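Structure assessment
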Protein chains: 2
Amino acid sequence: MEPVNVGLLGLGTVGGGTVNVLARNADEIARRAGRRIRITHAVTRDLSQNRLCDTTGIRLSSDPYALVDNPEIDVVVELIGGESLAKELVMRAIDHHKHVVTANKALIAIHGNEIFRAAQEQGVMVAFEAAVGGGISIIKSIREGLAGNRIEWVAGIINGTSNYILTAMRDHGRDFADVLKEAQQLGYAEADPSFDVEGIDAAHKLTILAAIAFGIPLQFDKVYTEGIARISSLDIRYADELGYRIKHLGIAKRREDGVELRVHPALIPERRLVANVDGVMNAIVVKGDAVGPTLYYGAGAGAEPTASAVVADLVDVVRALTIDPNNRVPHLAFQPDALTDLPILPAEAFRTAYFLTLDAVDRPGVLAEVTRVLGVLEISIEAILQKEPSAGAETVRVIILTQRTEERLINQALSEIEKSPSIVAPVGRIRVEYLD
Amino acid sequence: MEPVNVGLLGLGTVGGGTVNVLARNADEIARRAGRRIRITHAVTRDLSQNRLCDTTGIRLSSDPYALVDNPEIDVVVELIGGESLAKELVMRAIDHHKHVVTANKALIAIHGNEIFRAAQEQGVMVAFEAAVGGGISIIKSIREGLAGNRIEWVAGIINGTSNYILTAMRDHGRDFADVLKEAQQLGYAEADPSFDVEGIDAAHKLTILAAIAFGIPLQFDKVYTEGIARISSLDIRYADELGYRIKHLGIAKRREDGVELRVHPALIPERRLVANVDGVMNAIVVKGDAVGPTLYYGAGAGAEPTASAVVADLVDVVRALTIDPNNRVPHLAFQPDALTDLPILPAEAFRTAYFLTLDAVDRPGVLAEVTRVLGVLEISIEAILQKEPSAGAETVRVIILTQRTEERLINQALSEIEKSPSIVAPVGRIRVEYLD
């Protein structure tokens, strides 16, 4: 089947990430989508600039109008940001019957109602998963995954810069201005940080979340918006003493008499999962009447996490264009003729760390014996915990945390250790997962 | 447009929940799906039994074959569980060109390859979101939301019973057998708990997750499976001392030489979000090469959470049957002509709790004055924290945490409090969100 031709408006951070992800995972993506996805054209302001991605095979130009007018292009990906030129280009692409994928939250929050009407009239798709929560597929989860629920509220950490600053203020007891400056040096905050720290970016995203959660029109101008500049490190410390964390939240809540739409810093009880989402990470909590609370966590910004959502939208478009509508999404994610039969490894081949529990006679030399066996098999020790024998008991309990190794080696070590007369019971073994 | 007719196989916990959710949210669901979804027939073993749901308007019978053969039914929802009768009925429904929605993890893990082939041949849909993670839309998130990624690993707490038991063992320092008995009395564990605590249920789910993550066939028989019966409360305590929690995980990991598929208890560093998922809740972490780690959290079982996923699948089926394929999922989740214009409330109407910071002259009576103002406006106080004045300072800092109230009342209180000569600076105010 013919590849789908994609034109990219913008080759900055997210544009570069999109080129890289589509190139690196080309086979995997084609196995899922049923067709290859090929970036044929890209528009960039500065053609001479060095790029973070390899643009071999992509026709570069500085004329965005020519790209949206080009009849060879099936899908336009809009990544230039802002809302006036972006709107003009997206509307023109739709007029030319092209599908559109965009990561532009301001565009959707402010002009979405008009853009969607045009798309409906022209029978094309407009997808915008990357506009909220970066790589977290929160639009899909609410629009489709929670379609059976009356959604009661949505609350999210939806601006990574603000969350990074609040986390650093708490971790180091430092003040806002101080941390902001550092975040700018590290590239986590823009030179003009107002969009992020004043909550405008979060308000764009909240506008979109509220619309899809409650079935109301997009209405950015009605969001109450407050930033984090007035939070002090003392506020954070006192909140801590009371058992709370301060996070910058976007909240949309349905009440009998209407909808609350608000972006502001908030204390959250520290035992809530979302209170422990730190650094640049995002998380959105959605409460549905049937499902109860659900949470979606991941990287809310950055080149490849955002590209992950852009490419997911492209796969959605391609699946809709290509596949038997009754089997639009393959049952097992990949096309039935594109499954691969990777070997499933035996337990002996597992690689992980181990938490070992030994009951040993309380006499010198036992620990040396055990660590010698581990050493010979090149199993490194992360930590040892020796428990005092209880009164009258003649054995001690020793806990050993190993570093990552192979299960085969652990099996060998334990069978040897258990032969020792000093070890009075089978060694307990629980695997350790770092999930990193 | 004509409603879609659904036949329900099974009226137990999840069946009852599905009837209730479809009835309660009928309008909201029709606004999303573009058509009404109506349960016309249901099959139950015992027709005389009292039910948790209102079955008015549903034709009940005890003959499942008649239901899957009935030409009036468009979609069959299979909720009887088990794998032999369920398989026979699902295959027969597919042969009759009916779409199928199922919550049956054993059925999909063991017979999925065969069922999907049949569905593809007959051009019908088979949807199974409820089979993994209950109300968490993890199948959709991996198959569609992460479609741009090479998925490196999936690790999840995917059995609520085991997680409930491990959480209770940790919270109360009690042993497995003891907690299991209590879980059985509370209905969190079956009379025969082996499916849950020996990891078989988790292995079914992991089989499905691994297939959709890596594009490999379903192969339940190759999952390494270990339950939680051998974990002691001492293991949990020592793991705690080392900074770890013990969770029962399903792990699928892609390596150069193959795939690890394993279900077993594991220590996880306590700072990981997933280590703090307690009680009957489920959470799945997915690591993609572009997006990095993402986490999906929610209720993994229970009548309405599972029904939430069943209904989401029904909406998916109805959208595919009904709508312009280019706008299968409405941009704003609800059909464009079904948006409602709920009023967006002004900030004065917000209802939440408040964290107030007062700088007051250090003399008796100030606190009484402040609490009197709050009392008159019926603003209740949750906690007060008074900080010692620093050496030489003449003011003290007082932190007041209020209970939930209306923003209008807080504004009124603060304007009155700020008039007092004892209060030397504007009162600081941060909202508090309990997210419950």
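All values reported here derive from a predicted model rather than from experimental measurement.

1. Points about the overall build of chain A
- Secondary structure summary: chain A contains 14 helices and 17 strands in total.
- Once the C-alpha set of chain A is aligned to its principal axes, its extents read approximately 85 × 55 × 50 Å.
- When each of the 436 residues of chain A is scored for burial, the buried share is 55%.
- Across chain A, contacts joining residues at least 24 apart in sequence account for 72% of those joining residues at least 6 apart.

2. Considering the sheet that holds strand E1 (residues 4-9) of chain A
All names here are of chain A.
- The strand order across the open sheet built from six strands is E3-E2-E1-E4-E5-E6, with neighbouring strands paired in parallel fashion. Edge positions in the sheet fall to strand E3 (59-61) and strand E6 (126-127), since each has one partner strand and no second.
- When E1 meets strand E2 (residues 37-43), the two strands line up parallel, connected through six bridges. Opposite Gly 7, over in E2, you have His 41 as the bridge partner.
- Each of E1, E2 and strand E4 (75-78) touches helix H1 (residues 13-24); the most contacted strand, E2, lies at about 155° to it.
- Against the sheet, helix H12 (residues 303-322) engages E1, E2, E4, strand E5 (99-102) and E6, with an angle of about 160° to E5.

3. Quick word on the interface of chain B and chain A
- Across the boundary between the two partners, chain B contributes 115 residues, which contact 115 residues of chain A.
- Residue composition of the side of chain B that touches chain A, grouped by class: 70 nonpolar, 25 polar and 20 charged.

4. Considerations on the relation of the copies chain B and chain A
- The transform that puts chain B on chain A rotates by 180° and translates by 0.0 Å along the axis, for an RMSD of 0.0 Å. What the rotation and shift describe, once combined, is the action of a two-fold rotation axis. Among all C-alpha atoms of chain B, that of Tyr 296 of chain B lies closest to the rotation axis, at 2.4 Å.

5. Things to note about helix H4 (residues 85-95) of chain B
Residues and elements named next belong to chain B.
- Looking only at H4, the buried set comprises Ala 86, Leu 89, Val 90, Ala 93 and Ile 94. Axial view of H4: buried residues confined to an arc of 135°, hence all on one face.
- Tucked inside the fold, the buried residues of H4 contact strand E1 (4-9), helix H3 (64-69), strand E4 (75-78), strand E5 (99-102) and helix H5 (105-122).
- Of the residues one or two after H4, His 97 is the one with positive phi, at around 60°.

6. As for unusual backbone geometry
- Its identity is not glycine, yet His 97 of chain A carries a phi of approximately 60°, on the positive side.
- Positive phi is not limited to glycine here, since Ala 333 of chain B has a value of about 75°.
- Secondary-structure assignment places Ala 333 of chain B in the loop between helix H12 (303-322) and strand E13 (351-361).

7. What about the pairing of strand E17 (residues 428-432) of chain B?
- Only one face of E17 of chain B is covered, namely the face carrying Gly 428, Ile 430 and Val 432 of chain B; the face carrying Arg 429 and Arg 431 of chain B is uncovered.
- Sheet topology note: the strand E10 (residues 258-269) of chain A/E17 of chain B ladder contains two bridges and is parallel. What sits directly across from Ala 266 of chain A, in E17 of chain B, is Arg 431 of chain B.
- The pairing of E13 of chain B with E17 of chain B spans five bridges and is antiparallel. Bridge pairing in E17 of chain B places Phe 355 of chain B opposite Ile 430 of chain B.

8. A closer look at the environment of Asp 46 of chain B
- Mapping Asp 46 of chain B onto the fold places it in the loop between strand E2 (37-43) and strand E3 (59-61).
- It is 24 Å that separates the C-alpha atoms of Asp 46 of chain B and Tyr 188 of chain B, two residues lying 142 residues apart in sequence.

9. What to know about the domain arrangement of chain A
- Taken domain by domain, chain A comprises domain 1 (4-134 + 304-338), domain 2 (138-300) and domain 3 (347-432).
- Between the C-alpha centres of domain 2 of chain A and domain 3 of chain A there is a distance of 45 Å.

10. Section: H1 of chain A
All names here are of chain A.
- An ideal rise of 1.5 Å per residue puts 16 Å on 12 residues; H1 measures up with 16 Å between its terminal C-alpha atoms.
- Turning to H1, its buried residues are Val 14, Gly 15, Gly 16, Gly 17, Thr 18, Val 19, Val 21 and Leu 22.
- Tucked inside the fold, the buried residues of H1 contact E1, helix H2 (26-33), E2, E4 and H12.

11. Comments concerning the sheet that holds E3 of chain B
Residues and elements named next belong to chain B.
- In space, the six strands of this open sheet follow the order E3-E2-E1-E4-E5-E6, with parallel pairing throughout. The open sheet terminates on both sides in strands that have one partner only, identified here as E3 and strand E6 (126-127).
- Those strands touched by H12 are E1, E2, E4, E5 and E6, and its axis lies near 160° from that of E5.

12. A look at the packing of H5 of chain B against helix H10 (residues 200-214) of chain B
Residue and element names in this part refer to chain B.
- Between H5 and H10, the least distance of the axes is 9 Å, while the angle of their chain directions is 55°. By the criterion of interaxial angle, the relationship of H5 to H10 is oblique. For the pair H5 and H10, the sense of crossing is left-handed. Taken together, the residues of H10 that come into contact with H5 (itself represented by Lys 105, Ala 106, Ile 108 and Ala 109) are Asp 201, His 204, Lys 205, Thr 207 and Ile 208.
- Tallied by class, the residues present in the contact of H5 with H10 amount to four nonpolar, two polar and three charged.

13. Some thoughts on the packing of helix H2 (residues 26-33) of chain B against H12 of chain B
All names here are of chain B.
- Running from N to C, H2 and H12 cross one another at 40°; their axes reach a closest spacing of 9 Å. For the element pair H2 / H12, the angle class is oblique. With respect to the hand of their crossing, H2 and H12 are arranged in right-handed fashion. Contact residues: Ile 29, Arg 32 and Ala 33 in H2; Val 311, Val 315, Val 318 and Arg 319 in H12.

14. Examining the confidence of the model for chain A
- Mean pLDDT over chain A stands at 94; residues scoring 70 or higher make up 99%.
- Scoring the predicted complex yields pTM 0.94 and, for the interface, ipTM 0.94.

15. So, the environment of Tyr 238 of chain B
- Here Tyr 238 of chain B lies in helix H11 (residues 233-241).
- By C-beta crowding, Tyr 238 of chain B is classed as buried, having 22 other C-beta atoms within 10 Å.
- The spatial distance from the C-alpha of Tyr 238 of chain B to the C-alpha of Ile 212 of chain B is 36 Å, given a sequence separation of 26 residues.
- If near-sequence neighbours (up to four positions away) are discounted, Tyr 238 of chain B is found in contact with Leu 385 and Ile 399 of chain A.

Cut-off values and rules
Residues numbered from 1 in each chain as written. Chains lettered and ligands numbered in written order. Predicted model: local features only at pLDDT ≥ 70, side-chain atom pairs only at ≥ 80, totals over all residues. Helix = DSSP H or I, 4+ residues; strand = E, 2+ residues; numbered from the N terminus. Buried ≥ 20, exposed ≤ 12 C-beta atoms within 10 Å, placed from the backbone. Contact = placed C-beta atoms within 7 Å. Pairing = 2+ DSSP bridges. Axes fitted to C-alpha atoms, helices over the stretch in contact; angles between N-to-C directions. Nonpolar A, V, L, I, M, F, W, Y, C, P; charged D, E, K, R; others polar. Least-squares fit on C-alpha atoms with pLDDT ≥ 70 in both. Arc of directions from axis to C-beta. Domains from an automatic or database assignment. Expected span 1.5 Å × (residues − 1). Parallel < 35°, antiparallel > 145°, perpendicular 65-115°, else oblique. Left-handed = near helix turned anticlockwise from the far one by under 90°. pLDDT = per-residue confidence, 0-100.

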